[in-house]
Amino acid sequence: QVQLVESGGGSVQAGESLRLSCAVSGYTYSAGCVAWFRQAPGKDRERVARIAPVSGGTSVADFVKGRATIFLDSAKKTVFLDLNSLKPEDTATYYCAAAPRPSVPGLCRPSDYEYWGQGTQVTVSS
């Protein structure tokens, strides 16, 4: 059973940074992905970034391009998301999700994410 536990959220001022952590267990890395999503009240859930642990390939959404970095610490079994120059519009609940068996290996479509953490709140004030 895959389990994901997020941490690192909090309340910060605009322009500050946060590092979100996703501790992963029960996931044998293969052709799957681990991703960060976020959802603000009244808005659709959106993928912020994803990583394919085996290949190391990453992608970051355009709306955080240049301000977000996703990376894996294999020894700690943790996927991190660094968020820099935070803006009020970044305020949301951030979720870690895993797609261990994507229908198309390496693609990791939204429907492939089977496992989700409880989320960690990020609040950015101006």
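The residue numbers shown here count from 1 along each chain, following its written sequence. Per-residue local features of the predicted model are confined to residues with pLDDT of at least 70, and side-chain atom pairs are confined, for both listing and counting, to 80 or more; whole-chain, interface and lining totals are unaffected and use all residues. To get the side-chain values, take all heavy atoms of the structure and skip hydrogens and water.

Colleague: Can you break down unusual backbone geometry residue by residue, with the values?
Modeller: With a phi angle near 45 degrees, Ser85 is a residue other than glycine that sits in the positive phi range. Mapped onto the fold, Ser85 is located in the loop between β8 (78–83) and β9 (92–99). Relative accessible area decides the class of each residue, using a 1.4 Å probe on protein chains only: under 20% of the type maximum gives buried, over 50% gives exposed, and in between gives partly exposed. Residue classification places Ser85 among the partly exposed positions, given a relative accessible area of 41%. Helix and strand assignments come from DSSP, with helices taken as H or I runs of at least 4 residues and strands as E runs of at least 2, each series counted from the N terminus.

Colleague: Run through the sheet that holds β8, naming residues and quoting values.
Modeller: Through backbone hydrogen bonds, the strands of a sheet pair up, either in parallel or in antiparallel fashion. Strand pairing is assigned whenever DSSP detects at least two bridges linking the two strands. On the basis of which strands lie adjacent, the open sheet formed by four strands has the order β1-β3-β8-β7 and antiparallel pairing. Taken across any chain shown, the strands that pair with only one partner, and hence form the sheet edges, are β1 (3–7) and β7 (68–73). Across this sheet, the average inter-strand angle for adjacent strands is 20 degrees, counted without regard to direction. Relative to strand β3 (residues 18–25), β1 is paired through five bridges, and the arrangement is antiparallel. Looking across to β3, one finds that Glu6 is bridged to Cys22. Geometry is summarised by axes, namely lines fitted to C-alpha atoms with helices restricted to the contacting stretch, and by angles between N-to-C directions that run from 0 to 180 degrees.

Colleague: Can you explain the pairing of β8? Please cite residues and give values.
Modeller: Extensive coverage of β8 is indicated by the burial of six of its six residues. Side chains of β8 alternate between two faces, with Thr78, Phe80 and Asp82 and Val79, Leu81 and Leu83 buried alike. Relative to β8, β3 runs antiparallel, the two being bridged by six bridges. Note on β8: the bridge partner recorded for Ala23 is Thr78.

Colleague: Which residues make up the nonpolar core, and what values go with them?
Modeller: For our purposes a nonpolar core is just a set of buried Ala, Val, Leu, Ile, Met, Phe, Trp, Tyr and Cys residues, chained together by side-chain atoms within 4.5 Å. Within the largest apolar cluster, 28 residues are counted, with the highest numbers of intra-cluster contacts made by Trp36, Val79, Leu81 and Tyr94. Elements supplying a minimum of two residues to this core: β3, β4 (33–39), β5 (46–51), β7, β8, β9 and β11 (120–125). Counting residues in hydrophobic clusters, the runner-up holds seven residues, among them Cys33, Phe37, Ala99 and Cys108.

Colleague: Go over the packing of aromatic side chains with me, naming the residues and quoting the values.
Modeller: The geometry of an aromatic ring pair is captured by two quantities: the separation of the ring centres and the angle between the planes. Paired rings are identified among Phe, Tyr and Trp, the last through its six-membered ring, by centres lying within 6.5 Å, and are further divided according to the angle between planes into stacked (under 30 degrees), edge-to-face (over 60) and tilted (the rest). Throughout the structure, instances matching the rule amount to four aromatic pairs. Aromatic side chains Phe37 and Tyr113 sit 5.1 Å apart centroid to centroid with 80 degrees between the ring planes, which places their arrangement in the edge-to-face category. Here Tyr113 lies in the loop between β9 and β10 (115–116) and Phe37 lies in strand β4, a separation of 76 residues in the sequence. Consider the rings of Phe71 and Phe80, whose centres lie 5.1 Å apart with planes at 20 degrees: the pair is stacked. Residue Phe80 is classed as buried on the basis of its relative accessible area of 11%. Each member of the aromatic cluster is reached from another via a ring pair, and the members are Phe37, Tyr95, Tyr113 and Trp116. Any Lys NZ or Arg CZ that is within 6 Å of a ring centre and within 35 degrees of that ring's normal is treated as a charge sitting over the ring. Geometry around Phe80 places Arg19 over its ring, the cationic atom sitting 5.6 Å from the centre.

Colleague: Tell me about the state of the cysteines, and name the residues and values.
Modeller: We call a pair of cysteine sulfur atoms a disulfide whenever their separation is within 2.5 Å. Counting across every chain of the model gives two disulfides. The disulfide partner of Cys22 is Cys96, and the gap between their sulfur atoms is 2.0 Å. Measuring the twist about the S-S bond at about -80 degrees, one finds the Cys22-Cys96 disulfide to be left-handed. With Cys22 in strand β3 and Cys96 in strand β9, this residue pair connects regions lying 74 residues apart in the sequence. What pairs with Cys33 in a disulfide is Cys108, and their sulfur atoms sit 1.9 Å apart. Of note, the bridge from Cys33 to Cys108 carries an S-S torsion of about 90 degrees and is right-handed in sense. Note that Cys33 is positioned in strand β4 and Cys108 in the loop between β9 and β10, a separation of 75 residues in sequence. With respect to burial, Cys33 and Cys108 carry one shared label: buried.

Honestly, it's all geometry; don't read function into it.
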